[in-house]
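The primary structure of each chain is shown beneath.
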Amino acid sequence: MTLTVKSVARVSLVSTLVLAAAGAAVLAASPASGAASTLAAAAQQSGRYFGTAVAANKLGDSTYTGILNREFDMVTAENEMKMDATEPNQGQFSYGNADRIVNQARNQGKRVRGHALAWHSQQPGWMQNMSGTALRNAMLNHVTQVATYYRGKIYAWDVVNEAFADGSSGGRRDSNLQRTGNDWIEAAFRAARAADPGAKLCYNDYNTDNWSHAKTQGVYRMVQDFKSRGVPIDCVGFQAHFNSGNPVPSNYHTTLQNFAALGVDVQITELDIEGSGSTQAQQYQGVTQACLAVARCTGITVWGIRDTDSWRASGTPLLFDGSGNKKAAYTSVLNALNAGTGTTTPPTSTTTTTSNPGGGGCTATYSEGEKWSDRFNGQVTVSGTDNWIVTVTVSSPQRIIATWNTSASWDSANVMTARPNGSGNTFGFTIMHGGNWNWPTVSCRVA
Ligand code: 9MR
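Residues numbered from 1 in each chain as written. Predicted model: local features only at pLDDT ≥ 70, side-chain atom pairs only at ≥ 80, totals over all residues. Heavy atoms only, no water.

Going by the annotation in an unreviewed UniProt entry, the name recorded for the chain is Beta-xylanase, with Lentzea kristufekii given as the source organism. The UniProt entry for the chain carries the following text under Sequence similarities (unreviewed entry): "Belongs to the glycosyl hydrolase 10 (cellulase F) family." UniProt lists a comment for the chain under the heading Catalytic activity (unreviewed entry), and it reads "Endohydrolysis of (1->4)-beta-D-xylosidic linkages in xylans." (UniProt positions renumbered as here; feature names shortened; annotations may be inferred.)

And the structure:
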């Protein structure tokens, strides 16, 4: 498979993404001719969706429903599928408002994200007062009943919402559910899988956008652990509620990519960004590009339609103003979606060797490692001596960002010199490729 020129250009754009870049040309007045003219159609060009949270009591508002039907192809019930709404009394389920949203969406050919099966918040009163085995069983019954009721109608469920603590601990949030035992999350996922095997099962949280934050790392370790033990998890939702105190982090793409590399889809599930004008538009553009740059980022959902529909309306965080007019942020998202998939397809070649051209008592063999949209791993095995010096040269705009099992140094011309560090004769490295998938050249000599 060949990398197209278009995707090369796009990846280098994304890799140089600076979210706060002043004067970035994000505010073209209208999409280029031939480009898709709605968010859903633009997202569909790369196989993604563009969704919104919907409130049942607004479905009678024709401006609201008009925008909903025109622009979005995925719907999340903003409150109507939460535990307090669907099981107001224990064992007595209530789906009226949730059904209005699900039916409206499906009648319009839209898909539905289910939100949320188990959460420490928005619990019905009867559940808030429970603990121990009784609570664990009530939670599992809730998951089973609700996921069974909607079986076949839900694209992805937020099975567990917001179970990690804010701050520096990186651990679980204290809650009545957490106190039933640390395995409550995996138990919920297993119950959801049994109830609706066709739905993707997500863990969903906020403040997990910055890769270096303890909460992000805590969730990452849980997902890694679930994948290694076969706990059924398919996706991670990043709520993405941003404001000036919690801006879009510059490493957002890294966060999405690293989670995706665990073998799960990632989704932006509740996006809103407080602000206005070009600053807000640039941040929306950055988030959209970050998703587009990750093959397993399957879609974006904004948390409401008009600013006045938002849970924090005073921050004007959405894509349409109170009258339903498109904001600059709308145009920046649409243009970013229309700019292309943002996802490169790596070449399909696998392990091959590049031998030492110079002879000299040793041979260096290069083989490919894992590939991501923005970087790839390689490794070199040396034979003929244990006392080697290997030179690895990468070509622009590639750059080496990490090594292992070697003592290495590299210069600005992208020539790396690697020596043994006691870990044997195979070492590895990660290359940011900037759209250039060429292998490095390697050669070795005896020290
Ligand atoms: O937007 C929702 C608001 O109308 C509700 O009052 C609130 C109650 O918990 O939940 C809001 O949605 C939240 C979502 O369910 C989970 N992540 C944070 C969202 C914003 O608070």
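Here the narrative resumes.
Caption draft 1: Expanded view of the nonpolar core. By size, the foremost hydrophobic cluster in this structure holds 92 residues, and its most contacted members are F50, W157, V160, F189, Y252, L271 and L319. Looking at this core element by element, the count peaks at seven residues for helix α8 (residues 184-195). In this structure W157 touches M81, G114, H115, A116, L117, V146, A147, Y150, A199, K200, L201 and C202, once residues within four positions along its chain are discounted. Counting 19 residues, the second largest nonpolar core, distinct from the first, contains V380, V390, F427 and F429. (Core = buried A, V, L, I, M, F, W, Y, C linked by side-chain atoms within 4.5 Å. Buried < 20%, exposed > 50% of the residue type's maximum accessible area, 1.4 Å probe, protein only. Helix = DSSP H or I, 4+ residues; strand = E, 2+ residues; numbered from the N terminus. Contact = heavy atoms within 4.5 Å.)

Caption draft 2: Up close: helix α10 (residues 252-260). By the criterion of burial, α10 is predominantly enclosed, with eight of the nine residues buried. Those residues of α10 lying buried are Y252, H253, T255, L256, Q257, N258, F259 and A260. Those residues of α10 hidden inside the fold are in contact with α9 (214-229), β6 (235-238), β7 (241-242), β8 (265-273), α11 (277-292) and β11 (375-383).

Caption draft 3: Structural detail: the packing of aromatic side chains. Taken as a whole, this structure holds 18 aromatic pairs when the rule is applied. Look at Y220 and F259: their rings are 5.4 Å apart centre to centre, the planes differ by 90°, and that puts the pair in the edge-to-face class. Of the two residues, Y220 is situated in helix α9 and F259 in helix α10; the sequence distance between them amounts to 39 residues. Summarising the burial analysis for this pair, Y220 and F259 share the class buried. Of the aromatic side chains, those joined through ring pairs into one cluster are Y366, W388, F427, F429 and W439. Taking the ring centre of Y155 as reference, the NZ or CZ of R111 above it sits at 4.6 Å. In this structure, K215 is placed above the aromatic ring of Y206, and the distance from its NZ or CZ to the ring centre is 3.6 Å. (Phe/Tyr/Trp six-rings, centres within 6.5 Å; stacked < 30°, edge-to-face > 60°. Lys NZ or Arg CZ within 6 Å of the ring centre and 35° of its normal.)

Caption draft 4: Geometry of the side chain of N414. Relative to the assigned elements, N414 resides in the loop between β14 (407-410) and β15 (415-419). Judged by its relative accessible area of 15%, N414 falls in the buried class. Separated by 2.8 Å, the side chain of N414 and the backbone oxygen of Q398 make a polar contact. What N414 contacts, discounting residues up to four positions off in sequence, is V392, T393, V394, Q398 and R399. (Polar contact = N/O pair within 3.5 Å; in protein donor to acceptor, adjacent residues only side chain to side chain.)

Caption draft 5: The arrangement of the environment of V390 in detail. On the secondary structure map, V390 appears in strand β12 (residues 388-393). Residue classification places V390 among the buried residues on the basis of a relative accessible area of 0%. Spatially, the C-alpha atoms of V390 and V442 are 6.8 Å apart, while their sequence positions differ by 52 residues. Those residues in contact with V390 that lie beyond four places of it in its chain are V380, V382, M416, T417, A418, F427, S443 and C444.

Caption draft 6: Representation of the site of the ligand. Surrounding the ligand, one finds 13 residues, the nearest of these being E78, K82, H115, E162 and E270. At 2.7 Å from an oxygen atom of the ligand is found a side-chain nitrogen or oxygen belonging to K82. Here a nitrogen atom of the ligand and a side-chain polar atom of E162 are 2.9 Å apart. Across the complex, the protein chains shield 76% of the 450 Å² of accessible surface that the ligand would expose by itself. Residue classes in the shell around the ligand are distributed as three nonpolar, six polar and four charged. (Near = heavy atom within 4 Å. Areas by Shrake-Rupley, 256 points an atom, 1.4 Å probe, with all protein chains shown as cover. Nonpolar A, V, L, I, M, F, W, Y, C, P; charged D, E, K, R; others polar.)

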